[in-house]
Amino acid sequence: MEILHVSAECYPVAKAGGLGDVVGALPKYQNQFGHLAKVVMPMYQTKFLYENNFDTTHKGSFWMGPRFFDYTIIKETTNKLGFDLYLVDINGLLDREQVYGYDDDSERFTAFQIAVVDWLSKWNHQPDIVHVHDHQAGLIPFMMQHCYAYQHLAAIPTVLTIHNAQYQGWMSWDKSNYLPSFNSWEWGKLDWQNNINPLASAVKCALQVTTVSMSYLEEMRENANGLENLFEYEKGKCTGILNGIDDAVWDPAVDTYISPNFSVANLADGKLQSKKVLCSLFNLDIYKPLIVFIGRLVHEKAADLLPQVIYDAVYHMQGRMNFLILGSGDPSVEYALENMKQPLAGFYNSKIGYNEKLSHQMYAGADFLLMPSRVEPCGLNQMYAMRYGTIPIVRNTGGLRDTVVDYGDPNGYGILFNDATVGDITYSIHRALELYKQTKRLQKIRSAIMQIDNSWEKSAEAYISLYSSLQ
Ligand code: ADP
């Protein structure tokens, strides 16, 4: 089967979160099963672009409202990622350093999608599946079915994967002229609550919709930032497929970001050495349990609770643990976390920003990883942490619920709590300290979690059988 993945992110080309990890891994595993999976994404100004070679595949142009754009599709020449990678270059719009965060993001991603569909319409053969990811590719199923210039693509089955339903790409109807001319009788397939809603449009138009865990699929019918009813109507075409992790990238035995490397065989020493590195970098005490948080500092991750949790834990539990935070996001949370460094020196430290290498060092060197998320569609951090022998402390929600079993349950290995509140989180930290004291049990759990199979094989196969059902 030939599958074209369309996404705003793909690791290692450009990544802002889990979407990048998934789109960087899934096609590779699909190809290993004998399929031909390709990725098309925007051409940002990233290190990957400058360090690799590309050939021009196609040149075209389109109108977006009153503006005329030329676009170029370039292809990475060596297949080094394990799949064909195509980048869409649109001068002045996509060629920026960051993936998101610009005032004209609606224009940027609409233009990206028009270029992809236009390019696809010029192919002399057609892929068997167009697989779109999140709202940045959400208008594509509509365009393929209802834009006059592209309706000959309508027979190609489309699949949408929702990595996060909180972000939907809303645009006011004033911007409807950005879309290529479409059958206006079908306007309802773009609309949700009087706005153009690219994610809702993809849910309506794609043949199948998947999300990244079973629990999140159920939760979306109750909590999906305004789309709850839509998921209820469309539940017949929605499936949950849990993300895997790329265990070639996330493997403490060969990870080039960490030193020394370690495996289950030398786990105790490997983790201790990794912890030493971290503690000396951040002035923390190697003999205390180290609890880390890695992620976007936003409401859905409950990052706003971290300052109070850390103060309470350090003061009420007599500083019996250390904390280290890596992340960026809400400026008020960043400010609070920075300001705590001095009063809590020796117990707490943080690095505000995005740092791939440090994230790997933290998964390797920490004892516990905290994820108090209010919403967590799948969550990859807890799976990475486990692969590096780090015990997850997570809220019982979404993909966290599907991947972590509390150590109080038979064969359990993590710490689960129900509410994103300071009280529930500090209680869980207390349970972590209790577990940390039980050296033998701790080692046994670490060894067990490193061997859990969260690899992509099963999930890649689930996607293939979903595609097959559409042929
Ligand atoms: P989301 O996609 O909602 O941000 P996920 O758990 O699915 O959350 O994926 C997060 C990914 O982004 C993980 O690979 C994590 O290590 C990475 N990540 C998040 N924030 C940072 C950061 N500040 N520095 C390095 N990596 C980060």
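Residues numbered from 1 in each chain as written. Predicted model: local features only at pLDDT ≥ 70, side-chain atom pairs only at ≥ 80, totals over all residues. Heavy atoms only, no water.

Caption draft 1: Representation of the nonpolar core within the structure. Counting residues in each nonpolar core, the largest one holds 88 residues, and the members touching the most others are Leu 306, Ile 310, Phe 323, Phe 368 and Ile 429. Lining this core are residues from two domains, each supplying at least three of them: domain 1 (2-244 + 456-468) and domain 2 (264-450). Residue contacts for Phe 323: discarding those within four places in its chain leaves Leu 284, Leu 290, Ile 291, Ile 310, Ala 313, Val 314, Phe 347, Tyr 348, Asn 349 and Ile 429. Membership of the second largest hydrophobic core comes to 79 residues, among which are Met 41, Ile 73, Ile 114 and Leu 160. (Core = buried A, V, L, I, M, F, W, Y, C linked by side-chain atoms within 4.5 Å. Buried < 20%, exposed > 50% of the residue type's maximum accessible area, 1.4 Å probe, protein only. Domains from an automatic or database assignment. Contact = heavy atoms within 4.5 Å.)

Caption draft 2: The arrangement of the sheet that holds strand S14 (residues 348-352) in detail. The six strands are arranged S14-S13-S12-S15-S16-S17 in an open sheet whose pairing can be described as parallel. Each of the sheet's edge strands pairs with one partner strand only, and the pair in question is S14 and strand S17 (415-417). The average undirected angle you get between the axes of adjacent strands in this sheet is 15°. Pairing analysis gives four bridges linking strand S15 (residues 368-371) to strand S16 (residues 391-395), with the strands arranged parallel. From the neighbouring strand, Leu 370 faces S16, where its bridge partner is Ile 393. (Pairing = 2+ DSSP bridges. Helix = DSSP H or I, 4+ residues; strand = E, 2+ residues; numbered from the N terminus. Axes fitted to C-alpha atoms, helices over the stretch in contact; angles between N-to-C directions.)

Caption draft 3: Here's a closer look at the domain arrangement of the protein chain. Looking at the assigned domains, one finds that the protein chain contains domain 1 (2-244 + 456-468) and domain 2 (264-450). Using only C-alpha atoms to locate each centre, domain 1 and domain 2 end up separated by 33 Å. Of the residues lining the interface, 20 residues belong to domain 1; the matching set on domain 2 comes to 16 residues. Regarding the contact of domain 1 and domain 2, the summed buried area is about 1400 Å², with carbon and sulfur atoms giving 52% of it. At the junction of domain 1 with domain 2, the criterion picks out two salt bridges. Counting across the domain 1 and domain 2 interface gives 13 residue pairs in polar contact (both at pLDDT 80 or more). (Buried area = accessible area lost by both parts, 1.4 Å probe. Salt bridge = Lys/Arg side-chain N within 4 Å of Asp/Glu carboxyl O. Polar contact = N/O pair within 3.5 Å; in protein donor to acceptor, adjacent residues only side chain to side chain.)

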